[in-house]
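Coordinate inspection notes
If you want the building blocks of each chain, they are given just below.
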Amino acid sequence: MSRISHIVLDDRNLPPPTPEIEQERKVAMFDLLEDNSFTLPKREDRVVAEGPYHVDLSIKDKRLVFDIQTEAAEKAAEFHLSLSPFRQVVKDYWAICESYFDAVKNMPPSQIETIDMARRGIHNEGARVLQERLEGKAEIDLDTARRLFTLICVLHFGG
């Protein structure tokens, strides 16, 4: 059972999200829990708890924190990642999302589709950065990385 079965996003210190950001968050969390792949790699120096996992995702001291527990509430892993590699791609993602949200209200479908293709490209780039940052810590597929990247963007929005 190499998957995330429960996820908590620590947004206590963030400003209230816009309706669009709240929708992005809800969709990402729903899709993530419906279908994901999350494995903690085997280690020679210690036993690795098997999933499914509960994941708390937060930003603390300017670091992205993954706090991972088993379903029995036993600590499975915790890793802290620098936010620096994410800053530009998150900024680009929110800029293109704003354009997309505005386009949906005013533009013809062909222009919306063009902006959405650009949004997906930036989203994929963010997912790739996340996969690289998690290398050796956790193994995730592209769809899981995309959904987690969306949640990282939600955390970044207020920070």
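Each remark here, short or long, concerns the structure printed above.
In short, a report on the structure. (Residues numbered from 1 in each chain as written. Predicted model: local features only at pLDDT ≥ 70, side-chain atom pairs only at ≥ 80, totals over all residues. Heavy atoms only, no water.)

1. Comments concerning the sheet that holds strand E3 (residues 53-60)
As summarised here, the arrangement of the 4 strands in space is E1-E3-E4-E5, forming an open sheet in which the pairing is mixed. Each having just a single partner strand, strand E1 (4-9) and strand E5 (75-82) make up the two edges of the open sheet. With direction set aside, neighbouring strand axes in the sheet form an average angle of 20 degrees. Sheet topology places E3 next to strand E4 (residues 63-70); 8 bridges connect them, and they run antiparallel. (Pairing = 2+ DSSP bridges. Helix = DSSP H or I, 4+ residues; strand = E, 2+ residues; numbered from the N terminus. Axes fitted to C-alpha atoms, helices over the stretch in contact; angles between N-to-C directions.)

2. A word on the pairing of E3
When E1 meets E3, the two strands line up parallel, connected through 5 bridges. Bridge pairing in E3 places Val-8 opposite Asp-56. Adjacent in sequence and paired antiparallel, E3 and E4 are bridged by 2 residues, among which Asp-61 carries a positive phi angle near 50 degrees.

3. Brief notes about the packing of aromatic side chains
Summed over the entire model, instances satisfying the criterion amount to 5 aromatic pairs. Both rings, one in Phe-38 and one in Tyr-53, keep their centres 5.8 Å apart while their planes meet at 70 degrees; by these two values the pair is edge-to-face. Residue Phe-38 is located in strand E2 (residues 38-39), and its partner Tyr-53 is located in strand E3; the two are separated by 15 residues in the primary sequence. Per residue, the accessibility class of Phe-38 equals that of Tyr-53, and both read buried. (Phe/Tyr/Trp six-rings, centres within 6.5 Å; stacked < 30°, edge-to-face > 60°. Buried < 20%, exposed > 50% of the residue type's maximum accessible area, 1.4 Å probe, protein only.)

4. Overview of the environment of Asp-67
Relative to the helices and strands, Asp-67 resides in strand E4. Asp-67 sits 14 residues away from Tyr-53 along the chain, and the two C-alpha atoms are 9.9 Å apart. Excluding anything up to four places from it in sequence, Asp-67 contacts His-54, Val-55, Asp-56, Lys-75, Ala-77 and Glu-78. Within the local environment of Asp-67, its side chain forms a polar contact with the side chain of Lys-75, the two groups lying 2.6 Å apart. (Contact = heavy atoms within 4.5 Å. Polar contact = N/O pair within 3.5 Å; in protein donor to acceptor, adjacent residues only side chain to side chain.)

5. Details of the pattern of salt bridges
In this structure the tally under the stated criterion is 10 salt bridges. The salt bridge involving Asp-10 is made with Arg-12; its shortest N-O contact spans 2.7 Å. (Salt bridge = Lys/Arg side-chain N within 4 Å of Asp/Glu carboxyl O.)

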